[in-house]
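For reference, the chains in residue letters:
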Amino acid sequence: MENGASTDKDKERLISQLKGKLWYCIEKQVKEETPFDTTISPKYINALVELCYIQLVEVGKDLELFAKHANREVITVDDLMLLLRKLPNLQESLILNKDNR
């Protein structure tokens, strides 16, 4: 049981670190994109962090399922393109970015 508790603590620590990094990035982006006289509350940033975190978890699950469905253990660009099938502009942007590298 102790090993499970350690794993749970590690998971909680990693989630906390990820949310902290999301907070930093989101706050920075919001400050860059809003007018200088706009006040942004910590509650607003926290709501965006939670929203982004939930979305990232769902995207990760979908990518894992696409790879598993294709009998692969590794997520590939094909899985990402399948995920983005309803967002053709984003697909095109990623393809162009990939080709330019």
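How each quantity is defined
- Residues numbered from 1 in each chain as written.
- Predicted model: local features only at pLDDT ≥ 70, side-chain atom pairs only at ≥ 80, totals over all residues.
- Heavy atoms only, no water.
- Helix = DSSP H or I, 4+ residues; strand = E, 2+ residues; numbered from the N terminus.
- Rg over C-alpha atoms; globule rule 2.2 N^0.38 Å.
- Buried < 20%, exposed > 50% of the residue type's maximum accessible area, 1.4 Å probe, protein only.
- Contact = heavy atoms within 4.5 Å.
- Areas by Shrake-Rupley, 256 points an atom, 1.4 Å probe, with all protein chains shown as cover.
- Lys, Arg positive; Asp, Glu negative; His and termini not counted.
- Charge placed at Lys NZ, Arg CZ, Asp CG, Glu CD.
- pLDDT = per-residue confidence, 0-100.
- Salt bridge = Lys/Arg side-chain N within 4 Å of Asp/Glu carboxyl O.
- Expected span 1.5 Å × (residues − 1).
- Phe/Tyr/Trp six-rings, centres within 6.5 Å; stacked < 30°, edge-to-face > 60°.
- Lys NZ or Arg CZ within 6 Å of the ring centre and 35° of its normal.
- Disulfide = S-S within 2.5 Å.

Visitor: I would appreciate a short explanation of the overall build of the protein in the present structure.
Guide: Scanning the protein from terminus to terminus reveals 4 helices and 0 strands. Seen in sequence order, the protein has helices and strands lined up from the N terminus as α-α-α-α. Relative to the compact-globule value of 13 Å for 101 residues, the protein shows a C-alpha radius of gyration of 18 Å, a clear excess of over 25%. Principal axes of the C-alpha set define a box for the protein whose edges measure 50 × 50 × 25 Å. Taken across its 101 residues, the protein has 12% of its residues classed as buried. Within the protein, residue pairs in contact and separated by at least 24 positions form 25% of the contacts whose partners lie at least 6 positions apart. When the accessible surface of the protein is split by element, carbon and sulfur atoms take 58% of a total near 8700 Å². A gap of 1 Å separates the mean positions of the 15 positive and 17 negative side-chain charges of the protein.

Visitor: Looking at this structure, how should I read the confidence of the model for the protein?
Guide: Should pLDDT be low for a region, the predicted coordinates there are not to be read in detail. Confidence in the prediction of the protein, expressed as mean pLDDT, is 90, and 94% of residues score 70 or more. No element of the protein has a lower mean pLDDT than helix α4 (residues 88-99), at 83, and none a higher one than helix α2 (residues 42-69), at 96.

Visitor: Before we go on, may I ask you to explain the pattern of salt bridges in this structure?
Guide: Close approach of charged atoms allows side chains with opposite charge to pair. Evaluation of the coordinates by the stated rule reveals 5 salt bridges. Between K19 and E50 there is a salt bridge whose closest N-O contact spans 3.1 Å. Pair noted here: K19 is in helix α1 (residues 2-33) and E50 is in helix α2, with a separation of 31 residues, a long-range link. Residue classification places K19 among the partly exposed residues on the basis of a relative accessible area of 23%. Measuring nitrogen to oxygen at the nearest pair gives 2.8 Å for the salt bridge that ties R72 to D79.

Visitor: What is the right way to read the side chain of D79 from this model?
Guide: Along the polypeptide, D79 turns up in helix α3 (residues 77-83). Here D79 falls in the buried class, since its relative accessible area comes to 2%. If near-sequence neighbours (up to four positions away) are discounted, D79 is found in contact with L63, F66, A67, R72 and V74.

Visitor: Explanation requested: unusual backbone geometry in the structure shown.
Guide: Phi is mostly negative for residues that are not glycine, and the peptide bonds are mostly trans. Phi at N71 takes a positive value of approximately 60°, unusual for a residue other than glycine. In this fold, N71 is placed in the loop between α2 and α3.

Visitor: How should α2 be read in this particular structure?
Guide: Given 3.6 residues to a turn, an α-helix orients residues that are three or four positions apart in the same direction. Compared with an ideal rise of 1.5 Å per residue, which puts 28 residues at 40 Å, α2 spans 40 Å between its outermost C-alpha atoms and is within 8% of the ideal. Restricting attention to buried positions, one finds in α2 the residues I45, V49, Y53, L63 and A67. Of the residues one or two after α2, N71 is the one with positive phi, at around 60°.

Visitor: I keep staring at the packing of aromatic side chains and nothing clicks. Help me out?
Guide: Centre distance and the angle of the planes are the two values used to describe a pair of aromatic rings. According to the stated counting rule, one finds 0 aromatic pairs in the structure shown. The cationic tip of K19 hangs over the ring face of Y53; the distance from NZ or CZ to the ring centre is 4.8 Å.

Visitor: What exactly am I supposed to notice about the state of the cysteines here?
Guide: Here a disulfide denotes a covalent bond joining the sulfur atom of one cysteine to the sulfur atom of another. Scanning the entire structure with this criterion turns up 0 disulfides. For the unlinked cysteine C52, the closest cysteine sulfur is that of C25, found at 10.0 Å. Taking relative accessible area as the criterion, C52 reaches 30% and is therefore assigned partly exposed.

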